[in-house]
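The residues making up each chain are set out below.
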Amino acid sequence: MNVDDEAKKVIWSLQNNKRTEAERNVFAPTGKKPMNKNVVYVLSAIGITFLMSFALSLFSKETTQFCFLIESYCFNSTENPMAYTFYIFMNLWILILGIGVAYLIGKMLGDRFKI
């Protein structure tokens, strides 16, 4: 009982090798490294939080007196809206970074003390 080896051959290509060599090489690697998108993400996050702080400063109806680090370096929110926007922006990023640092410390402690 001779079984033909050709009969066992399975063709896995759905196109029965109808593609040309150029069509096969369309998805070949180009040798270029993919673009690192971390910079784009960081700049987007900074831009979005700045727009949020600008919107928050616009929605504030009452006048606020605020100071940058020194009590002699104070501003009024109605007279200097961009300084107030920057003040809100800095406060938002202090909160965001504080939450991130607390998460990292909690993760490190959680990995060290496994129950």
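Below, the structure is looked at part by part. All figures in this text were calculated on a predicted structure; none of them were measured in a lab.

The rules behind the values
Residues numbered from 1 in each chain as written. Predicted model: local features only at pLDDT ≥ 70, side-chain atom pairs only at ≥ 80, totals over all residues. Heavy atoms only, no water. Helix = DSSP H or I, 4+ residues; strand = E, 2+ residues; numbered from the N terminus. Buried < 20%, exposed > 50% of the residue type's maximum accessible area, 1.4 Å probe, protein only. Contact = heavy atoms within 4.5 Å. Areas by Shrake-Rupley, 256 points an atom, 1.4 Å probe, with all protein chains shown as cover. Phe/Tyr/Trp six-rings, centres within 6.5 Å; stacked < 30°, edge-to-face > 60°.

Quick notes on the overall build of the protein
In terms of helices and strands, the protein carries four helices and two strands. Counting from the amino terminus, the protein carries its helices and strands in the arrangement α-α-α-β-β-α. Looking at the protein as a whole, 12% of its 115 residues qualify as buried. Taking the intrachain contacts of the protein between residues at least 6 apart in sequence as the baseline, contacts between residues at least 24 apart amount to 42%. With an accessible surface of roughly 10,700 Å², the protein has 65% of that area assigned to carbon and sulfur atoms.

Digging into the environment of Phe68
When you line up the elements, Phe68 lands in the loop between β1 (65–67) and β2 (74–76). According to the relative accessible area criterion, Phe68 is buried, its value standing at 12%. Note: C-alpha distance between Phe68 and Ala83 (15 residues apart in sequence) is 9.6 Å. Residues in contact with Phe68, not counting those within four places in the same chain, are Tyr73, Phe75, Ala83, Phe86, Tyr87 and Met90.

Description of the packing of aromatic side chains
The final tally for this structure, using the stated rule, is six aromatic pairs. Ring geometry for Phe50 versus Phe89: centroids 5.6 Å apart, planes at 75 degrees, classification edge-to-face. In this pair, Phe50 is assigned in helix α3 (residues 38–59) and Phe89 in helix α4 (residues 81–112), connecting sequence segments 39 residues apart. Residue Phe89 is classed as buried on the basis of its relative accessible area of 13%. Joined through ring pairs, the aromatic side chains of Phe66, Tyr73, Phe75, Tyr84 and Tyr87 make up one cluster.

These results come straight from atomic positions and should not be treated as a statement about function.
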